Amino acid sequence: MKTLFLGAWGWLRALSGRAKALVAAVLAALLGFVIWAVFFWFAFQTYFIDDEVDEAGPVFDSGAVAGAPVAEPDGPEPVPTAAVAPTPGDAGSAPTAAPPEAAAGAAEAPTAVVAPTPGDAGSAPTAPLPGDELSAELIAEMDEAMEDLGMPAEQAVTETMPEMPQVRVEAAGEFISRSHPTRGRADVLGDGTGQRFLRFEDFRTDNGPDLNVYLSTAPADAPAGQFDDDFVDLGDLKGNVGSQNYEIPRDLDLDRYPTVVVWCVRFSVVFGAAELVSG
């Protein structure tokens, strides 16, 4: 080795200045290519650095959010009933008599509040805003109009809360390791409107260059070369560790593309795969 080095050194010293410059340029280009190949093409540094992500559940166009609790509809408020005085001979303790104000309120229709005149007893009600004052004559006319129309003093309404879209797991599968150790779960989340998301939970695989998420027709245990024969690309893998979401095209048939694949596009290597099973 020493003899070879000394021979090369002697040969370089014997070259002319122009030849030495050309050799230096070639060596610099070769070194630059090696650096580019190591750090950009093969990207060896990615094998030692994790890209961690922690995305919350996806938000659907309908407003549904994966993982959000579903609000229960409020029940109707109980309507108080006036207490009736017991007749002689009724068993049990006598109920509490209803206050006179409650009895009067049950018999008469509520009327708008009129600002009190000076000298009225009791505390004054909240003063109406400018322009909201009602005269006694107008109140009487309104009461008469309601009576002519047969309108009740109270119109009770009890409507149930409208049904909101709920996020459900439509299909799921566990990752298996292929060329690299891979674990976690893949869920297909839908809200019933046709919009769906693929979500990774407890996910971890090795990092690598040019990793993408595919949906493939090949089963999870198929030969590696079959995964990119017929597939749909959902985009770049967001991270090799952590929870993440990928929207699925609305018209995609998951019965045809039932396998989730973490695929290295540059070197045609499958890191891990999961077979989706409808729930």
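In this convention, every chain numbers its residues from 1, walking through the sequence in written order. Reporting of local features is limited, given that this is a predicted model, to residues whose pLDDT is at least 70; pairs of side-chain atoms are given and counted only at 80 or more, and all residues count toward the totals for whole chains, interfaces and linings. Side-chain metrics in this entry use all non-hydrogen atoms of the structure; hydrogen atoms and water are not considered.

Glancing now at the overall build of the protein chain. Labels follow the DSSP assignment, with helices taken as runs of H or I lasting at least four residues and strands as runs of E lasting at least two, numbered in each case from the N terminus. Scanning the protein chain for helices and strands turns up 4 helices and 9 strands. Ordered by position from N to C terminus, the α and β elements of the protein chain give α-α-α-α-β-β-β-β-β-β-β-β-β. Every one of the 279 residues in the protein chain was classed for burial, and the buried ones make up 25%. Long-range pairs, those at least 24 residues apart, make up 63% of the contacts in the protein chain with a sequence separation of at least 6. Of the roughly 19,100 Å² of accessible surface on the protein chain, 59% is carried by carbon and sulfur atoms. Relative accessible area decides the class of each residue, using a 1.4 Å probe on protein chains only: under 20% of the type maximum gives buried, over 50% gives exposed, and in between gives partly exposed. Contacts are assigned to residue pairs that have any heavy atoms within 4.5 Å of one another. Computed with a 1.4 Å probe, the accessible areas rest on the Shrake-Rupley method; for each residue, only the protein chains presented here act as cover.

A word on the pattern of salt bridges. What counts as a salt bridge is simple: a side-chain nitrogen of Lys or Arg found within 4 Å of a carboxyl oxygen of Asp or Glu. Inspection of the entire model under this criterion finds 6 salt bridges. For Asp187, the salt bridge is made with Arg185, and the minimal N-O distance between the two is 3.0 Å. Overall, the relative accessible area of 7% leaves Asp187 in the buried class. Linking Glu201 and Arg199 is a salt bridge whose minimum nitrogen-to-oxygen distance equals 2.6 Å. What makes Arg199 buried here is its relative accessible area of 8%.

This brings us to unusual backbone geometry. Phi angles above zero are rare outside glycine, and Asp202 is one such case at about 50 degrees. Along the chain, the position of Asp202 falls in strand β3 (residues 196-205). A positive phi angle, close to 55 degrees, is found at Ser268, a residue other than glycine. By the secondary structure assignment, Ser268 is in the loop between β7 (259-264) and β8 (269-275).

Moving on, we come to the pairing of strand β1 (residues 168-177). In this scheme, strands are said to pair when DSSP sees at least two bridges between them. Across 6 bridges, β1 lies against strand β2 (residues 182-190) in antiparallel orientation. If you follow Val169 over to β2, its bridge partner there is Leu189. In sequence, β1 turns back onto β2 through a hairpin of 4 residues. Where β1 and strand β9 (residues 277-278) come together, 2 bridges link them in antiparallel fashion. If you follow Ala172 over to β9, its bridge partner there is Val277. The pairing of β1 with β8 spans 3 bridges and is antiparallel. Within β8, the residue paired with Ile176 across the bridge is Ala273.

We now examine the confidence of the model for the protein chain. Residue-level confidence of the predictor is what pLDDT reports, using numbers from 0 through 100. The predicted model of the protein chain averages 79 in pLDDT, with 69% of residues at 70 or higher. Throughout residues 81-98 the model reports pLDDT below 50, and contacts reaching past four residues in sequence, or to other chains, amount to 5 contacts.

Here, patches come from residues exposed beyond 30% relative accessible area and free of salt bridges, joined within 9 Å for like charges and within 5 Å for nonpolar side chains (Val, Leu, Ile, Met, Phe, Trp, Tyr). Neither His nor the chain termini are counted; the positive set is Lys and Arg, and the negative set is Asp and Glu. Working definition for charges: the position is that of NZ of Lys, CZ of Arg, CG of Asp or CD of Glu. Where like charges cluster on the molecular surface, the negative patch consists of Glu137, Glu141, Asp143, Glu144, Glu147 and Asp148. Position of Glu137 among the secondary structure elements: in helix α4 (residues 136-148).

Turning next to the nonpolar core. Residues enter a nonpolar core if they are buried and are Ala, Val, Leu, Ile, Met, Phe, Trp, Tyr or Cys, with the set joined through side-chain atoms within 4.5 Å. In this structure, Leu198, Phe200, Leu215 and Val260 are the most contacted members of the largest nonpolar core, which totals 24 residues. Of all the secondary structure elements, the ones that give two or more residues to this core are β1, β2, β3, β4 (211-216), β5 (231-236), β6 (244-248), β7 and β8. The next biggest cluster of nonpolar side chains, apart from the first, holds 7 residues, and it includes Tyr214, Ala218, Phe227 and Val261.

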